[in-house]
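Here's the letter readout for the chains.
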Amino acid sequence: RPRRTPDSPRIPNPKHTVWPDVSDMGRDVAHSHVLAALPATGSAISPLRGLRIQDRTDPAALWCVGAHGGAGESSIAALDPSWRAAEHTWPRTETQPARCVLLARTNLSGLLAAQAALTQWASPATRPPVQLLGILLLADAPGKQPKPLRDLAALVAGGAPTSWQVPWIEAWRTDPVQSVAVPTPLKRLVGELRHLACPPPSPAPDAIDLPHHEPVRHAVKEG
C-alpha cells in the first residue's frame, strides 16, 4: 500500500486569495459601542478584529504596539529609554494622540494580525486615537523569506504610512537587548524613529515689520 503523508500547510498566495474582509467591523456602530463589545481583559483579541484601546498615563516619546504575541515590541522599545512597549493594545493618552509604530513578525499569522490592525486603524468607525508612524516587520527566522510571504508582507506594508524591515538578530534570543551590539541597519532605523517621534520644533515665523505711523493729533476747541 502506498504510504500516506500528512499534507503540509500551504501559504496562501496574496494574488489569488481573498482575505477576510474586516473593513466593515463596527460599521454603523458608535466607537464606544465597538469597544464595549471587546473583552476588557487580555492582551489581544481576535486577529480579525484588531487590537484593544487602553488608557495610558505614563509618558512615552514613542509607543511600540505589537500586532500579536511575540511581535518584538519589548525588544524595540528597549533600544531607547524614552520608548514604551504598549504590548498588544493601542495607547490612548489624555493630551495629544500617542505616536506609535506597529510591529509584526513576517510569518503568516503575524502578517495577518498586522493587516487586521492596520484595517482597524484605517476604518473611521474603529480608528484608535493614535498617530501611526509606520509598521516594523521583524524577521521571524534567519535566512531568506519565502516569496509568498514576501508578497504578503509588501501587501500589508502598503496599508501603513511607512514600513521598515528589521533583520533577524540571533543574539536577541539569548542575551538582553541592551547588551547586544546594535547592527548598523538597525542604528539607522532607531535614528529615523527618534526623528519621527520627536521632530525638531518648527522655526517661528519671521516678524512682520509693520509701517510706523505717527499718532494723529486732534485739535481741541477752547471754550
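Counting of residues starts from 1 at the beginning of each chain's written sequence and follows it residue by residue. In keeping with the model being predicted, local features are shown solely for residues with a pLDDT of at least 70 and side-chain atom pairs are shown and tallied solely at 80 or more, while totals for entire chains, interfaces and linings include all residues. As a rule here, side-chain values cover all heavy atoms of the structure and leave hydrogens and water aside.

1. Some thoughts on the overall build of the protein
Right, so step 1: Counting from the N terminus, the helices are DSSP H or I runs at least four residues long and the strands are E runs at least two residues long. Looking only at helices and strands, the protein has 5 helices and 7 strands in total.
Right, so step 2: Sequence-ordered secondary structure for the protein, helices as α and strands as β, is α-β-β-α-β-β-β-α-β-α-β-α.
Right, so step 3: Counting over 223 residues, the protein shows a buried share of 36%.
Right, so step 4: For the protein, the proportion of contacts with a sequence separation of at least 24, taken over those separated by at least 6, is 73%.
Right, so step 5: For the area figures, the Shrake-Rupley method with a 1.4 Å probe applies, and any residue is considered shielded solely by the protein chains shown. Total accessible area computed for the protein in this model is approximately 14,200 Å², and 55% of it derives from carbon and sulfur atoms. Each residue is placed in one exposure class: buried if its accessible area under a 1.4 Å probe, protein chains only, is under 20% of its type's maximum, exposed if it is over 50%, and partly exposed if it falls in between. Contact definition: two residues touch when any of their heavy atoms are within 4.5 Å.

2. Regarding the side chain of His88
Right, so step 1: Structurally, His88 can be placed in the loop between strand E3 (83-85) and strand E4 (89-92).
Right, so step 2: Residue His88 is classed as buried on the basis of its relative accessible area, which comes to 9%.
Right, so step 3: Within the local environment of His88, its side chain forms a polar contact with the backbone oxygen of His68, the two atoms lying 3.1 Å apart.
Right, so step 4: Polar side-chain contacts of His88 include one of 3.2 Å to the side chain of Glu73. Here a polar contact is recorded for every N or O atom pair within 3.5 Å, except that within protein the pair must consist of a potential hydrogen donor and a potential acceptor, and residues adjacent in sequence are included only if both atoms are side-chain atoms.

3. Regarding the pairing of strand E2 (residues 62-66)
Right, so step 1: Counting buried positions over the 5 residues of E2 gives 5, a clear majority of the element.
Right, so step 2: Side-chain alternation along E2 places Leu62, Cys64 and Gly66 on one buried face and Trp63 and Val65 on a second face that is also buried.
Right, so step 3: Taken together, the 3 bridges between E2 and E3 define a ladder with parallel strand orientation. Each bridged residue has a counterpart across the sheet, and for Leu62 the counterpart in E3 is Trp83.
Right, so step 4: Note on pairing: two strands pair once DSSP finds at least 2 bridges between them. In the sheet, E2 pairs with strand E5 (residues 98-105) via 4 bridges, with the strands oriented parallel. Considered in E5, the bridge of Cys64 is made with Val101.

4. Observations concerning the environment of Ser74
Right, so step 1: Inspection of the secondary structure assignment puts Ser74 in helix H2 (residues 73-77).
Right, so step 2: Look at Ser74 and you get partly exposed, because its relative accessible area is 44%.
Right, so step 3: As a C-alpha pair, Ser74 and Ala85 span 11 residues in sequence and 5.4 Å in three-dimensional space.
Right, so step 4: Those residues in contact with Ser74, other than ones at most four positions away along the chain, are Ala85 and Glu87.

5. Details of the sheet that holds E5
Right, so step 1: Strand order in the open sheet made by the 5 strands is E3-E2-E5-E6-E7, with parallel pairing throughout. On the outer flanks of this sheet lie E3 and strand E7 (163-166), each paired with one strand and no other. On average, adjacent strands in this sheet sit at an angle of 30 degrees to one another, irrespective of strand direction.
Right, so step 2: What counts as an axis is a line fitted to C-alpha atoms, over the stretch in contact for a helix, and the angles between N-to-C directions run from 0 to 180 degrees. The strands touched by helix H3 (residues 108-122) within the sheet are E5 and strand E6 (130-138), with E5 carrying the most contacts at an inclination of about 155 degrees.

6. A word on the confidence of the model for the protein
Right, so step 1: What pLDDT expresses is the predictor's confidence in each residue, scored from 0 to 100. Chain-level pLDDT for the protein is 77 on average; 68% of the residues reach the 70-or-more range.
Right, so step 2: Predicted confidence is poor over residues 16-47, with pLDDT under 50, and the contacts of this stretch with residues over four places away or in other chains come to 51 contacts.

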